[in-house]
Amino acid sequence: MTAGYIPSSREYNRVFGVSRERLERAPRDILIMHPGPMNRGVEIDSDVADGPHSVILDQVTNGVAVRMAVLYLLAGGKPELAEAAKGGGQRRSGPPDTPEAA
Amino acid sequence: MKTILLTGGRVLDPSQRLDEIGDVLVSGGVIEAVGGRIEPPDHCEIVDCSDFIVSPGFIDVHCHLREPGREDVETIASGARAAAAGGFTAVCAMPNTDPVTDNQAAVGFIIRQASRAAAARVHPIGAISVGQRGEMLAEFGEMVGAGAVAMSDDGRPVVSAQLMRTALEYARTFGVPVIDHCEEPTLAHGGAMNEGIVSARLGLKGIPAEAEEIMVIRDILLARRTGGHVHLAHMSTRGSVELIRWGKERGINVTAEVCPHHISLTEERVGAYDTNAKMTPPLRTASDVEALREAVSDGTIDLIATDHAPHHYDEKEREFADAPNGIIGLETALAVCVTYLVESGALDFPTLVERMSCAPARLFNLPGGTLRRGGEADITVFDPAHRWTVDPAKMLSKGRNTPYAGMTLSGRAMCTVVGGRIVHRYENHAAALTSAGTTVR
């Protein structure tokens, strides 16, 4: 086996991982973000990922909408037609969730 | 802890450009006062240091204490006592033990054994690769957290340039040097001594200087690429000196050490197949010795380290080619350096103290290396003029494998203070020998 850049995921967690102890040393109120997928116990501990500072689930939800918007625009979609493309609110009321909807 | 007053010595501390006759007061484990005449406080132990040099304690960044694995050959306790007898207040233990010091538990074991020995300090060096197999990076962070001061696969070269590159990059994170045993294995394979006219005469397979120099320049180039600190162990050739000089002129983060035997003996010392003159890298030529002396004088080589490598006498009593590599060095290093560097005119005492104490402390980020007020009281008192004949039977090391046996040398540690405690007195040496022989843990 050839050498990786880091000896082990255990050491990565101990040296670089975001743990509750490290969080408690943070100087002020902070937000914890992570784009996912998370490696719990490696770069982030579960009690941080699921803790009060975490906005990770919101970030992931918003991320879906942002990606959809980017894909819509890249595919030649026009912002002013975006509302109409939702189907004029006739078929659905929530945000679009399939490519056809755009 | 007793208060100690070292009186009337030549107080020599290059870290603060101090060189004067005076006293040093040690109290509570730290240096309380330095220089001038100091009135002895009540209940203090006075050590007369007239005609002696009082310097920051010597630090050996390269020794093999064999524990765990070969406690019959040396233990951390016997090695730490031998170090103190040689004037060393601290040594760094190489990780090529059995099992290899490649994890935090092994590092913690060395620290615990050293604390029980209560002689010279012992700083563990962690392995670069798991099991020193040269494949997977070991856990530097965990080992540094447990007290390791450097990383090395010493005993073996780091064959893979990619592993060396990764090690240098990763070690930067923790601010520790990576020490390499520079030996290109395909060139050195099967070699028993320096390749040259003497090896030809003796019919022994040689190790060419290039086996070292190829790895020296590789490591220097990788240090340039990564910005990591590479420390080159036991340099032995003129070519290596030129390459290190080249690297330093370019501001590359390279440091290097030389062993007392490489600045005092040549390949001729192998003589009639004397296995006590067998080590890696091997003793080289007079021209190499001359270049190494110049290099340690001008600072191209930063420090002196022993590569103390004890072996059982019966392991050394065999065919030269099959005998193990290495010699002991803790108890002869000072005398060899005084005799072959200072008395030969290559070095003055302040530079010797710089190379044996200040530079190791500074480059490896260790306590000691200074007599500054308030600092750890790690102090070596030595008599630079003391003439003595090396007798392996009178060593505190369990090893007897020294090429200096029977030689008369100058310079001897008279008193070694570690953390404000006297751990060696020359006048108690005979008693220390007896107790070392009977102490079994």
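Quick caveat, the model's predicted, so the values are computed rather than measured.

Student: What's the story with the sheet that holds strand β6 (residues 58–63) of chain B in this structure? I'm lost.
Tutor: One key point about sheets: their strands pair by backbone hydrogen bonds, in either a parallel or an antiparallel sense. Residue and element names in this part refer to chain B. The three strands are arranged β6-β7-β8 in an open sheet whose pairing can be described as parallel. The open sheet has two free edges, formed respectively by β6 and β8 (121–124), since each of these has just one partner strand. When the angles between neighbouring strand axes are averaged without regard to direction, this sheet yields 20°. Of the pairings in the sheet, the one linking β6 to strand β7 (residues 88–93) comprises four bridges and is parallel in character. Directly across from Phe 58, in β7, lies its bridge partner Phe 88.

Student: Hey, could you run me through the nonpolar core in this one?
Tutor: Nonpolar side chains tend toward joint burial in soluble globular proteins. All names here are of chain B. Of all hydrophobic cores here, the largest spans 94 residues; its most connected members are Val 122, Ile 128, Phe 140, Leu 232, Met 235, Ile 301 and Leu 352. Counting residues per element, this core draws most heavily on helix α11 (residues 333–342), at nine residues. When near neighbours in sequence (up to four residues on either side) are disregarded, Ile 301 contacts Met 235, Val 241, Ala 256, Glu 257, Val 258, Leu 292, Ala 295, Val 296 and Arg 355. In this structure, Val 24, Cys 49, Ala 377 and Ile 379 belong to the second largest nonpolar core, which totals 18 residues.

Student: What exactly am I supposed to notice about the packing of aromatic side chains here?
Tutor: Aromatic ring pairs are reported here in terms of the distance separating the ring centres and the angle at which the planes meet. Residues and elements named next belong to chain B. Taken as a whole and judged by the stated rule, the model has six aromatic pairs over all chains. Between Phe 140 and Tyr 170, the aromatic rings sit 5.5 Å apart at their centres with planes inclined by 40°, giving tilted as the arrangement. Highlighted residues: Phe 140 in helix α3 (residues 140–146) and Tyr 170 in helix α4 (residues 161–174), separated in sequence by 30 residues. Judged on exposure class, the residue Phe 140 and its partner Tyr 170 are both buried. Look at Phe 349 and Phe 382: their rings are 6.0 Å apart centre to centre, the planes differ by 50°, and that puts the pair in the tilted class. Separated by 33 residues along the polypeptide, Phe 349 in helix α12 (residues 349–363) and Phe 382 in strand β16 (residues 379–389) bring together distant segments of the chain. You'll find Phe 349 and Phe 382 in the same group, each marked buried. Aromatic ring contacts, followed pair by pair, group Phe 58, Phe 88, Phe 349 and Phe 382 into a single cluster. Lys 278 extends its terminal NZ or CZ atom over the ring of Phe 320, reaching a point 5.8 Å from the ring centre.

Student: Quick question: what am I supposed to make of the interface of chain B and chain A here?
Tutor: Quoted interface sizes are often the accessible area lost when the parts come together. Listed by partner, the interface residues are 16 residues for chain B and 13 residues for chain A. Across the interface of chain B and chain A, roughly 1200 Å² is buried in total on both sides, 52% from carbon and sulfur atoms. Of all residues in chain B, Glu 139, Glu 142 and Tyr 170 of chain B give up the largest surface area on contact with chain A, accounting jointly for 40% of the area buried on that side. One can count three salt bridges joining chain B with chain A. The partner of Glu 139 of chain B in a salt bridge is Arg 10 of chain A, with the nearest N and O atoms 2.5 Å apart. Here chain B and chain A share eight residue pairs in polar contact (both at pLDDT 80 or more) between them. Among the elements of the structure, α3 and α4 of chain B are those that each provide at least two residues to the side of chain B that touches chain A. Among the elements that make up the side of chain B that touches chain A, the one with the highest residue count is α4 of chain B (seven residues).

Student: Please explain the sheet that holds strand β9 (residues 151–152) of chain B as it appears in this structure.
Tutor: Residue and element names in this part refer to chain B. Spatial strand order, β9-β10-β13-β14-β15: five strands in an open sheet with parallel pairing. Of all strands in the sheet, those bounded by a partner on one side alone are β9 and β15 (303–304). Pairing between strand β10 (residues 178–180) and strand β13 (residues 230–232): three bridges, direction parallel. Bridge pairing in β13 places Ile 179 opposite His 231. Sheet strands touched by helix α7 (residues 209–226): β10, β13 and β14 (254–258). Its angle to β13, the strand with the most contacts, is close to 165°. In the packing of helix α8 (residues 238–249) onto the sheet, contacts are made with β13 and β14, and the angle to β14 comes to roughly 150°.

What counts, and at which threshold
- Residues numbered from 1 in each chain as written.
- Chains lettered and ligands numbered in written order.
- Predicted model: local features only at pLDDT ≥ 70, side-chain atom pairs only at ≥ 80, totals over all residues.
- Heavy atoms only, no water.
- Pairing = 2+ DSSP bridges.
- Helix = DSSP H or I, 4+ residues; strand = E, 2+ residues; numbered from the N terminus.
- Axes fitted to C-alpha atoms, helices over the stretch in contact; angles between N-to-C directions.
- Core = buried A, V, L, I, M, F, W, Y, C linked by side-chain atoms within 4.5 Å.
- Buried < 20%, exposed > 50% of the residue type's maximum accessible area, 1.4 Å probe, protein only.
- Contact = heavy atoms within 4.5 Å.
- Phe/Tyr/Trp six-rings, centres within 6.5 Å; stacked < 30°, edge-to-face > 60°.
- Lys NZ or Arg CZ within 6 Å of the ring centre and 35° of its normal.
- Buried area = accessible area lost by both parts, 1.4 Å probe.
- Salt bridge = Lys/Arg side-chain N within 4 Å of Asp/Glu carboxyl O.
- Polar contact = N/O pair within 3.5 Å; in protein donor to acceptor, adjacent residues only side chain to side chain.

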